[in-house]
Amino acid sequence: MSLLSLLFDPRGAIDRRAFWSGLIQLTIVSLAVVVGLTVVDMDVAWAALPAVGEAWVLSDVAGHLRHAALPDVPLLAGVFLVAARLYATACLMLKRARDAGKRPHALIVLGLASLLVHVLVGFWVYDLFPDGMAIIAPLAADAMVTAVLGLVFTTWLGALRSSPASGPARSWRLAPG
């Protein structure tokens, strides 16, 4: 299976080895993007990092909302990087859950819980902007909480055995059409 279909095609199923390999490859790609963007714009580069990127983009969004400013190119690029990384991670998790015989309900709950954390921290950051207070505490809290949620879920999903219905011979193939 090619890297693009592994990371960006939600169809099919993958075994544990392919799941962990895909996560490692996604991390390597994310780090390469960070290194490449460091030369161009460090604010955008932060968005490519797992857990940190979401918090970083959240602070940019809150700042733009507070100052009633239109989104600029670095903000939109950061949102795009976070969305692309989250989509690739969701594709890996969906395929792994399918191979383990699990329905995607747990992944949906994880996504909604992470979104709730981001929204609540976003309100916290938004409230801190007019006073000029440091926003590092909410950003660190956001990164830590979502990292723990993601780590627990990823470890659980990555440890599940393949279900007999999917079988090891089918685990790498994409579902038809």
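Anyway, here's the lowdown on the structure attached to this text. (Residues numbered from 1 in each chain as written. Predicted model: local features only at pLDDT ≥ 70, side-chain atom pairs only at ≥ 80, totals over all residues. Heavy atoms only, no water.)

1. Topic: the overall build of the protein
Part 1: Tallying secondary structure elements over the protein gives eight helices and zero strands in all.
Part 2: When the helices and strands of the protein are listed from N to C terminus, the series reads α-α-α-α-α-α-α-α.
Part 3: Sorting the 177 residues of the protein into buried and exposed places 38% on the buried side.
Part 4: A separation of at least 24 residues holds for 76% of the contacts in the protein among residues at least 6 apart in sequence.
Part 5: Only carbon and sulfur atoms are counted for the fraction: they give 75% of the accessible area of the protein, which is about 10,200 Å². (Helix = DSSP H or I, 4+ residues; strand = E, 2+ residues; numbered from the N terminus. Buried < 20%, exposed > 50% of the residue type's maximum accessible area, 1.4 Å probe, protein only. Contact = heavy atoms within 4.5 Å. Areas by Shrake-Rupley, 256 points an atom, 1.4 Å probe, with all protein chains shown as cover.)

2. Let's talk about the packing of helix 6 (residues 105-128) against helix 7 (residues 136-159)
Part 1: For the pair helix 6 and helix 7, interaxial distance at closest approach is 9 Å and the crossing angle is 175 degrees. Between helix 6 and helix 7, the interaxial angle falls into the category roughly antiparallel. Between helix 6, through Ala106, Leu107, Leu110, Ala113, Ser114, Val117, His118, Val121, Trp124, Val125 and Leu128, and helix 7, the contact on the second element is made entirely by Ala137, Pro138, Leu139, Ala141, Asp142, Val145, Thr146, Leu149, Gly150, Phe153 and Trp156. (Axes fitted to C-alpha atoms, helices over the stretch in contact; angles between N-to-C directions. Parallel < 35°, antiparallel > 145°, perpendicular 65-115°, else oblique.)

3. What about a nonpolar patch on the surface?
Part 1: The grouping of Ile108, Leu112, Leu115, Leu116, Val119, Leu120 and Phe123 at the surface amounts to a nonpolar patch, some 700 Å² of accessible area in total.
Part 2: Tracing the backbone through its elements, the reader meets Phe123 in helix 6.
Part 3: Judged by relative accessible area, which is 53%, Phe123 ranks as exposed. (Patch = residues over 30% accessible without salt bridge, like charges linked within 9 Å, V, L, I, M, F, W, Y side chains within 5 Å. Salt bridge = Lys/Arg side-chain N within 4 Å of Asp/Glu carboxyl O.)

4. Points about helix 4 (residues 52-66)
Part 1: The end-to-end C-alpha separation of helix 4 is 21 Å, in line with the 21 Å expected for 15 residues at 1.5 Å each.
Part 2: Taken as a whole, helix 4 has its buried residues at Gly53, Glu54, Ala55, Val57, Leu58, Ser59, Ala62, Gly63 and His64.
Part 3: On its buried face, helix 4 sits against helix 3 (42-46), helix 5 (73-99), helix 6 and helix 7.
Part 4: Looking one or two residues beyond helix 4, the residue adopting positive phi is Ala68, at roughly 50 degrees. (Expected span 1.5 Å × (residues − 1).)

5. Quick notes on the layout of surface pockets
Part 1: In this structure, the largest pocket spans a volume of roughly 980 Å³.
Part 2: Forming the walls of the largest pocket are 33 residues, and the residues nearest its centre are Glu54, Arg85, Leu86, Thr89 and Gly150.
Part 3: Among the secondary structure elements, those contributing two or more residues to the lining of the largest pocket are helix 2 (16-40), helix 4, helix 5, helix 6 and helix 7.
Part 4: Per-class residue counts for the lining of the largest pocket are 22 nonpolar, nine polar and two charged.
Part 5: Lining the second largest pocket are Leu3, Leu4, Leu7, Phe8, Leu26, Val29, Ser30, Val33, Ala48, Leu81, Ala84 and Arg85. (1 Å grid on protein atoms, 1.4 Å probe; cavity = no way out; pocket = protein on both sides within 12 Å on 5 of 7 lines; lining within 4 Å. Points joined across faces, edges and corners; volume = space filled by probe spheres on them. Nonpolar A, V, L, I, M, F, W, Y, C, P; charged D, E, K, R; others polar.)

6. Description of the packing of helix 4 against helix 7
Geometrically, a packed helix pair is captured by the angle between its two axes and the distance between the axes.
Part 1: Packing of helix 4 against helix 7 leaves a shortest axis separation of 8 Å and a crossing angle of 145 degrees. Relative to helix 7, the crossing made by helix 4 is right-handed. Side by side, helix 4 and helix 7 meet where Glu54, Ala55, Leu58 and Ser59 of the first sit next to Leu139, Asp142 and Ala143 of the second.
Part 2: Of the residues belonging to the contact of helix 4 with helix 7, the class tally is four nonpolar, one polar and two charged. (Left-handed = near helix turned anticlockwise from the far one by under 90°.)

7. Considering the environment of Asp43
Part 1: Note on placement: Asp43 falls in helix 3.
Part 2: In this structure the C-alpha to C-alpha distance between Asp43 and Trp56, which are 13 residues apart in sequence, comes to 8.1 Å.

8. So, the nonpolar core
Part 1: The biggest cluster of nonpolar side chains holds 16 residues, and the ones touching the most others in it are Phe19, Leu92, Met93, Phe153 and Leu157.
Part 2: Where this core is concerned, the elements lending two or more residues are helix 1 (3-8), helix 2, helix 5, helix 6 and helix 7. (Core = buried A, V, L, I, M, F, W, Y, C linked by side-chain atoms within 4.5 Å.)

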